[in-house]
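Reading the structure
Spelled out from the first residue to the last, the chains are:
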Amino acid sequence: MVDLTHGADGHAAPGHDEELELYHPTNWVTKYVFSQDAKVIAIQYGLTATAIGLVALVLSWLMRIQLAYPGLLAFIDADHYYQFITMHGMIMVVYLLTAIFLGGFGNYLIPLMLGARDMMFPYLNMLSYWIYLLAVLVLAAGFFVPGGPTGAGWTLYPPQAILANTPGQQWGIIIMLVSLMLFIIGFTMGGLNYVVTVLQGRTKGMTLMRMPLTIWGIFTATVMALLAFPALFVGALMMLFDRLLGTSFFMPSIVAMGEQLPTGGGSPILFQHLFWFFGHPEVYIVALPAFGIVSDLISTHARKNIFGYRMMVWAIVVIGALSFVVWAHHMYVSGMNPGFGFFFATTTLIIAVPTALKVYNWVLTLWRGDIHFTVPMLFALGFIVTFVNGGLTGLFLGNVVVDVPLSDTLFVVAHFHMVMGVAPILVIFGAIYHWYPKITGRMLDATLGKIHFWVTFLGAYAVFFPMHYLGLLGMPRRYFEMGETAFVPPSAHTLNEFMTIAALVVGAAQMLFLFNLAWSLRHGKEAGGNPWRATTLEWQTPETPPAHGNWGPELPVVYRWAYDYSVPGADRDFLPQNDPWPGEPAPAPDTAVAEGAR
Amino acid sequence: MSVILIFLLAIVAVMLWWLWRQGLFSKPWLEVGVVGGMAAPAPSPSQVARIGLLVFLVVVGSLFALTVSAYLMRSALVDWRAPPLPGILFANTFALLVSSLALQTAKVGARRGDLDSVRTGLLAGGFTALVFLGGQLFAWRQLNAEGYYLASNPANAFFYLLTALHGVHVAGGLVGLGRVTRKMLRGAGVAELRLGVDLCATYWHVLLLIWLVLLGLLTGRIGEFVAICRQLLT
Ligand code: HEM
Ligand SMILES: [Cu+2]
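The rules behind the values
- Residues numbered from 1 in each chain as written.
- Chains lettered and ligands numbered in written order.
- Predicted model: local features only at pLDDT ≥ 70, side-chain atom pairs only at ≥ 80, totals over all residues.
- Heavy atoms only, no water.
- Helix = DSSP H or I, 4+ residues; strand = E, 2+ residues; numbered from the N terminus.
- Buried < 20%, exposed > 50% of the residue type's maximum accessible area, 1.4 Å probe, protein only.
- Contact = heavy atoms within 4.5 Å.
- Areas by Shrake-Rupley, 256 points an atom, 1.4 Å probe, with all protein chains shown as cover.
- Lys, Arg positive; Asp, Glu negative; His and termini not counted.
- Charge placed at Lys NZ, Arg CZ, Asp CG, Glu CD.
- Near = heavy atom within 4 Å.
- Polar contact = N/O pair within 3.5 Å; in protein donor to acceptor, adjacent residues only side chain to side chain.
- Nonpolar A, V, L, I, M, F, W, Y, C, P; charged D, E, K, R; others polar.
- Donors = N, O, S within 2.8 Å, 3.2 Å for Na, K, Ca; no water.
- Tetrahedral: all angles 85-135°; square planar, octahedral: opposite > 155°, others 65-115°.
- Phe/Tyr/Trp six-rings, centres within 6.5 Å; stacked < 30°, edge-to-face > 60°.
- Lys NZ or Arg CZ within 6 Å of the ring centre and 35° of its normal.
- Core = buried A, V, L, I, M, F, W, Y, C linked by side-chain atoms within 4.5 Å.
- Axes fitted to C-alpha atoms, helices over the stretch in contact; angles between N-to-C directions.
- Left-handed = near helix turned anticlockwise from the far one by under 90°.
- pLDDT = per-residue confidence, 0-100.

This part takes up the overall build of chain A. Across its full length, chain A carries 15 helices and two strands. The dimensions of chain A, computed from C-alpha atoms along their principal axes, are 85 × 55 × 50 Å. Out of the 598 residues belonging to chain A, those deemed buried represent 62%. The contacts in chain A between residues at least 6 apart in sequence include a share of 78% that link residues at least 24 apart. With the model as given, the accessible surface of chain A reaches about 21,700 Å², and the carbon-plus-sulfur share is 70%. The averaged location of the 32 negative side-chain charges in chain A is 8 Å from the averaged location of its 24 positive side-chain charges.

Right, here's the structure in full:
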């Protein structure tokens, strides 16, 4: 293939790796601010997501305080409560979890784990971050516009989302829709990079089936997101038309306050289909990277190869595909054709099979492993427990007959906080403790880390476990206060107070974590290149933190899969992917391999 | 939602086939050495750009498949009153067709190293695409003049939405095409233009295809076709 783009500068390519020209930062601004280096972009994504995530955390405190001590904070009225719920839910799901898994870990790990120098379209990658930042800023602006942010619930169901009595109807909903559309545009730019880099950027010897499961998870999730986000985009665009241009995509004929509104003929159910066509895959867009990362953490910290690697890969792919045909299980009570309910209940239960398989394989990986209870391992174990717990309640809710009475109770809130709130967050923490040494060259403090883990893990259980019970009592979700209600016993109130205190403690523990992040940057123990003695390529870089371009003059060459731990006969209990043992290194003098074998 | 499901089914089938070819059944834990399973690709910039465009087109396809799904869902209800289609839409279609052909000429020319046909192709393609966009705007004005406003009923709203979404994609393509054309006018050689021309042509063909589907939808031809298929099946 003729090298088309390099004709002019006469760039001579020494090896196959140099055909793609690397961008070179020339000054401080292009190095740290408008950087095109995926590692810098990853950190930018991570910090931005954390910042907006803290806002969502504070909102959850406010909601919890209101639920346990109604009236304590006088400024929280019903409207504010709805606004807090909406912003909390949307930020957590989209702007924190999606952004940090794909934009953060995706950017950092894909090139490094695959032995590439950078993403394939670095400029687009940079643009992706800046559009994401813009989306976050627009979203945050919602707090300052007249009328405040939208209070339509994170599902944004029309018609109420744009009717006059919903808080934030004036500006909030517009801001929310615009911000989501920006997010999707930015994500698409990043997503193209992640997919094409996995397809084209792998170094010599890195076959698909040698990729670490982290990459499989991120890759599949990205493909899903690229296909699912357009649904939200169309939905948001149509609702924006309804709100701004007076169309009636989603607006049926409505009589409000004795007056016939000018809209008519729209279908609210249409929005629900579009929303959940995105919304359900979204759960797995968050879950699959978490699955992948957990597999790698467990394998590394139990010094054992992952059990059933092939099955793990297949399960990821199958879950990804199936999750597109289950969306309507969120709509059992929406009045759609009840025959559909049966179909969607079946597909929902089928998805449980590959998911359960993953859990078995994690447990079997741990079985008789040499388990090191490091902080990342603790978080990984915490994830498995929480995920199983949330998965079981999910099986209940997947059934139409069980779901109908529980729908819109706190049982649902407890369920999804377990599976897609607490569980992925635990993985994110574990992953940060695991990769921080590579990113900064220093270890996070382990004692603080253990305190952080136990408080977060037990605290999250204290918040969400009792919530199942409240749901079974019939306590509805999205209620600003219960008032005098016969079916709620007084003990439920005590429980509510307990949960709120737990939530505040959990929140405080996160401050400890942030402190640890900042403190260890300077004072943490020196990590060296490969503190966990891990096999994957990112730990074999010649420099830590990896320099611009990741590798020395030569790209690494991959000889084996990512899970050669405790191989009989080898002189160490791990064999890096670029270790040719028992063979000889490839003929070309390969400095990267020599380094890695240190 | 059947349209998007069919679209996804096709994507999933292609991906599974590809994954299978990539050695989804290999046993990586048994294979040590540089070549285990299928060799990893050595990326070349043009290959990377082509694959990038392909992935992007899948995203665009998903966007339109979803919009079409929504259209079909809504238009199945009894109160659907589609606006009459302005005749100019067919002239526009012709313009887009010519545009696509022109870029194909440019692409073939670039392969052969024939700068003249690249030039003609690019300029003609860009011009006809502009004509298409102008024509679409004119169609909107005509509908408006006849009283079929955006907000009058859902059928009208969908008409404007579909044409607008498609138009925006054509406009975006014109930005890319404009950059290639500028490069050409500044005296770049055929070899330098080849990749850009190639990508533009692919993008144009896909947008033409999408437009034909949309047109079929708006004229109701596709609806009739689906109805006939249903009858045949039952
Ligand atoms: C300390 C951690 C958290 C606490 C204390 C908390 C608390 C709450 C509370 C009190 C509600 C409102 C329940 C209601 O009245 O209906 C809520 C809703 C919600 N939360 Fe959380 N949350 C936390 C973390 C998360 C995380 C990590 C996620 C990420 C997925 C998340 C996603 C949601 C969603 C999607 C809603 C529903 C919003 C809606 O109904 O529109 N939360 N949360
Ligand atoms: Cu779901």
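What follows covers the overall build of chain B. Secondary structure assignment for chain B yields seven helices and zero strands. Counting from the amino terminus, chain B carries its helices and strands in the arrangement α-α-α-α-α-α-α. With respect to the three principal axes, the spread of C-alpha positions in chain B is 70 × 55 × 30 Å. In chain B, buried positions account for 47% of the 234 residues. Considering only contacts in chain B between residues 6 or more positions apart, those separated by 24 or more positions represent 81%. Carbon and sulfur atoms make up 70% of the accessible area of chain B, which amounts to about 11,400 Å² in all.

With that settled, the discussion passes to the site of ligand 1. All names here are of chain A. Neighbouring residues of ligand 1: 21 residues in total, closest Tyr81, His88, Trp154, His417 and Arg478. A distance of 2.7 Å is found between an oxygen atom of ligand 1 and a side-chain nitrogen or oxygen belonging to tyrosine 81. A distance of 2.5 Å separates an oxygen atom of ligand 1 from a polar atom in the backbone of arginine 478. Elements supplying a minimum of two residues to the shell around ligand 1: helix H2 (38-68), helix H3 (78-114) and helix H12 (410-440). Examining the composition of the shell around ligand 1, we find that seven residues originate from one element, H3, more than from any other. Across the shell around ligand 1, the residue classes tally to 13 nonpolar, six polar and two charged.

Moving on, we come to the coordination of the iron atom of ligand 1. Residue and element names in this part refer to chain A. Taken together, His88 (NE2) and His417 (NE2) make up the full set of protein donors to the iron atom of ligand 1, lying 1.9 to 2.0 Å away. With six donor atoms in place around the iron atom of ligand 1 and angles of 88 to 179° between them, the coordination shape is octahedral. Of this pair, histidine 88 sits in helix H3 while histidine 417 sits in helix H12, and the two are 329 residues apart along the sequence. Accessibility expressed as a relative area gives 17% for histidine 417, which makes it buried.

Here the focus is the packing of aromatic side chains. In this structure the tally under the stated criterion is 52 aromatic pairs over all chains. Ring geometry for phenylalanine 132 of chain B against tryptophan 211 of chain B: centres 5.6 Å apart, planes inclined by 80°, an arrangement best described as edge-to-face. Pair noted here: phenylalanine 132 of chain B is in helix H4 (residues 115-145) and tryptophan 211 of chain B is in helix H6 (residues 190-219), with a separation of 79 residues, a long-range link. Like phenylalanine 132 of chain B, the residue tryptophan 211 of chain B is buried in the burial classification. One Lys or Arg, arginine 572 of chain A, reaches over the ring of phenylalanine 574 of chain A and ends 4.9 Å from the middle of that ring.

It is worth spelling out the side chain of threonine 188 of chain A at this point. With respect to the helices, strands and loops of the structure, threonine 188 of chain A is situated in helix H5 (residues 172-200). Discounting residues that sit within four places of it in the chain, threonine 188 of chain A has contacts with Leu226 of chain A together with Val59 of chain B.

Glancing now at the nonpolar core. Residues Tyr95 and Trp216 of chain A are the most contacted members of the largest nonpolar core, which totals 261 residues. Those residues in contact with tryptophan 216 of chain A, other than ones at most four positions away along the chain, are Leu208, Met209, Met211, Tyr309, Val313, Ile316 and Val317 of chain A together with Leu19 and Leu24 of chain B.

Let us now look at the packing of H3 of chain A against H12 of chain A. The relative placement of two packed helices comes down to the angle between their axes together with the axis-to-axis distance. Residue and element names in this part refer to chain A. Where H3 contacts H12, the two axes come as close as 11 Å, and the packing angle between them is 35°. Crossing angle aside, the handedness with which H3 passes H12 is left-handed. Where H3 approaches H12, its residues His88, Val93, Leu96, Leu97, Ile100, Phe101, Phe105, Tyr108, Leu109 and Met113 are matched on the opposing element by His417, Met420, Pro424, Ile425, Val427, Ile428, Ala431, Ile432, Trp435, Lys438 and Ile439. Across the contact of H3 with H12, the residue classes break down as 18 nonpolar, two polar and one charged.

Turning to the confidence of the model for chain B, a few remarks are in order. All names here are of chain B. A residue-level look at chain B finds 96% of positions with pLDDT of 70 or above and a mean pLDDT of 90. Confidence drops under pLDDT 50 across residues 36-40; counting only partners more than four residues distant or on other chains, this segment forms 12 contacts. Across the predicted assembly, pTM comes out at 0.93 and ipTM at 0.94.

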